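# Fold and geometry: a report
Single-letter residue listing:
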Amino acid sequence: MATKHEQILNYIAGLAVGEKISVRSIAKALRVSEGTAYRAIKDAETAGIVSTIERVGTIRIEQKPANPDDQLSFAELVEMLDARVLGGESGLNKRLNKFVIGAMTKAAMGPYITQNSLMIVGNREEAQQLALENGAAVLITGGFETSQAVIQLANELALPVLQTNNDTFTVATLINRALSDQAIKQDIVTVASVYTPKLQLVVLHPEDTVADYQQLSPVTVPVVTNTGRLVGVVTPKDVAGKKPSMLIDRVMQRDPLTVKPYLSVATVSHTMQGNGVERLPVVDDSWQLLGMVTQRAIANSLSGTAHQGTSDGTFADQVAQQIEAADLSGNNYQFQPLPMMTNSLGALSFGVLTEVVNQAVTAFLGHNQYQNVLVEQMALNNFRPVPLESRVNLAITALELNRSHASLDVDLTSDGRRIAKAVVTCQLLERN
């Protein structure tokens, strides 16, 4: 049976978005004390289902999506470019989804300007006005000013007009890189998108008994205070052989292993597998319980986590694109360096060589039906420099390969000569 605290949380979660609540109204509706109602409302605020707004009060809000859209804001753009705000300051928190360079005629620009885009332009007032009228912000390059009419229009529409001393090519490069970085972040699956919220969980309190736990499913159950702070967990092993009347406070595991919602699922999978646990509490920085994450949910989310939809991808993606299988055995691979991967001497940098081994090992294990590999240790000996024009050949031999770990020998050659040798130890998170 749900506690009063949980009943209040479920009641609040069932309210319509926008409905105003108060301690007194909750206490009256559910016939609980105002202290109990207050603690539940604070817990609901932590869970993101209500929010306190100045001069309005506490209202039911729509929960934020698990992976919020982290697009670049105009305010962040100002800081990044060291720009000056000429007008439309009230719109700085808006997000931009693309930018357009105003190098065309006014008639040709129209189809390219969309809501919340950014027009990069010089001292062309007609282009600046056209952008604002079509819902786009304006970035004036070269340190040029603009007219009071444009500034007034920007203020009326709450669309920023920014000024920078940089040239168009420089700001376009910086913005493109920032947008690409944001897109890559969106591809990284975090715990926030896979954990089960507290409202859907059964929790215990220190004053509950072993008998209370035994009525539940035999899994790891979080133990929280009346304010929702995590103080421990209870597992079947903890209650084995204990008297039903014994308090949970006496059998629970204190200071349990926890995870934060912003951690990547790959990181958490590594933690869970390394500690042999299948369920972990998710908490915020104040140890308020947010929910639980399971190994099954993590494994399901790890399917298809490669970066997609980004313009350049990560550095690891770029290295991976240069690696291809040398034959059908799955043991031999080839790598062709790019100019950007060389050091000041024109040879393949050591850091790139390390990533080449990492990607080749990942491809080898993928060929053997192992996905989502984490390299735990790599001993790499680099014997001679690799010139830009050379193709690197990698021959991989499995020294040990089981369900959860792999030890591999990697022999790297170029132009018939050995250039490096590596021994790699990996943790295997999932198998097809």
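Before reading further, recall that the structure is shown in the block above.
A short tour of the structure in this document, coming up. Computed from a predicted structure; not experimentally measured. (Residues numbered from 1 in each chain as written. Predicted model: local features only at pLDDT ≥ 70, side-chain atom pairs only at ≥ 80, totals over all residues. Heavy atoms only, no water.)

## Here's the deal with the nonpolar core
Ranked by internal contacts, the top residues of the largest apolar core, which has 31 residues, are Phe335, Val357, Leu365, Leu394, Val410 and Leu412. When residues of this core are traced back to their parent elements, those giving at least two are strand E16 (332–335), helix H15 (350–367), strand E17 (370–382), strand E18 (392–401), strand E19 (405–414) and strand E20 (417–431). Among the elements that make up this core, the one with the highest residue count is H15 (8 residues). What Val410 contacts, discounting residues up to four positions off in sequence, is Val357, Val361, Leu394, Ala395, Ile396, Ala420, Lys421, Ala422 and Val424. (Core = buried A, V, L, I, M, F, W, Y, C linked by side-chain atoms within 4.5 Å. Buried < 20%, exposed > 50% of the residue type's maximum accessible area, 1.4 Å probe, protein only. Helix = DSSP H or I, 4+ residues; strand = E, 2+ residues; numbered from the N terminus. Contact = heavy atoms within 4.5 Å.)

## A few points about the packing of helix H6 (residues 125–133) against helix H7 (residues 148–157)
What describes two packed helices is the angle between their axes and the distance between those same axes. It is the contact of H6 with H7, at a shortest axis distance of 10 Å, that shows an interaxial angle of 10°. One finds that H6 runs roughly parallel with respect to H7. Across the interface between the two elements, Glu125, Gln128, Gln129, Leu132 and Glu133 of H6 pack against Val150, Leu153, Ala154 and Leu157 of H7. Looking at the contact of H6 with H7 residue by residue, the class counts come to 5 nonpolar, 2 polar and 2 charged. (Axes fitted to C-alpha atoms, helices over the stretch in contact; angles between N-to-C directions. Parallel < 35°, antiparallel > 145°, perpendicular 65-115°, else oblique. Nonpolar A, V, L, I, M, F, W, Y, C, P; charged D, E, K, R; others polar.)

## Observations concerning the sheet that holds strand E12 (residues 253–254)
The strand order E10-E11-E12 describes an open sheet built from 3 strands, whose pairing is antiparallel. The open sheet has two edge strands, strand E10 (221–224) and E12, and neither has a second partner. (Pairing = 2+ DSSP bridges.)

## Focus on the sheet that holds strand E13 (residues 279–283)
The strand order E9-E14-E13 describes an open sheet built from 3 strands, whose pairing is antiparallel. Two strands close off the open sheet at either side, each with one partner strand: strand E9 (196–197) and E13. Pairing of E9 with strand E14 (residues 289–294) involves 2 bridges; the strand directions are antiparallel. Among the inter-strand pairings, Pro197 is bridged to a residue of E14, identified as Gly291.

## Observations concerning H7
Among all positions in H7, only Val150, Ile151, Leu153 and Ala154 are buried. Along the long axis of H7, the arc covered by the buried residues comes to 160°, so they all point the same way. Residues of H7 that are exposed and point more than 90 degrees away from the buried face comprise Gln148 and Glu156. (Arc of directions from axis to C-beta.)

## Observations regarding the environment of Ser217
As for its placement among the helices and strands, Ser217 is situated in the loop between helix H9 (210–214) and E10. Ser217 sits 15 residues away from Val202 along the chain, and the two C-alpha atoms are 9.7 Å apart.

## Considering the pattern of salt bridges
Scanning the model with the defined rule gives 9 salt bridges in all. Measuring nitrogen to oxygen at the nearest pair gives 3.2 Å for the salt bridge that ties Glu126 to Arg124. Given the relative accessible area of 23%, Arg124 is considered partly exposed. Where Glu324 meets Arg391, a salt bridge forms, and the shortest distance between an N and an O atom there is 3.7 Å. Of this pair, Glu324 sits in strand E15 (residues 323–325) while Arg391 sits in the loop between E17 and E18, placing them 67 residues apart in sequence. (Salt bridge = Lys/Arg side-chain N within 4 Å of Asp/Glu carboxyl O.)

## Re the packing of helix H1 (residues 4–13) against helix H2 (residues 23–30)
Taken N-terminus to C-terminus, the directions of H1 and H2 make an angle of 110°; their axes are 11 Å apart at the nearest point. By the angle class used here, H1 and H2 are roughly perpendicular. Facing H1, whose interface residues are Gln7, Ile8, Tyr11 and Ile12, H2 presents Ile26, Ala29 and Leu30. Counted by class, the contact of H1 with H2 contains 6 nonpolar, 1 polar and no charged residues.

All quantities given are derived from atomic positions and should not be read as evidence of function.
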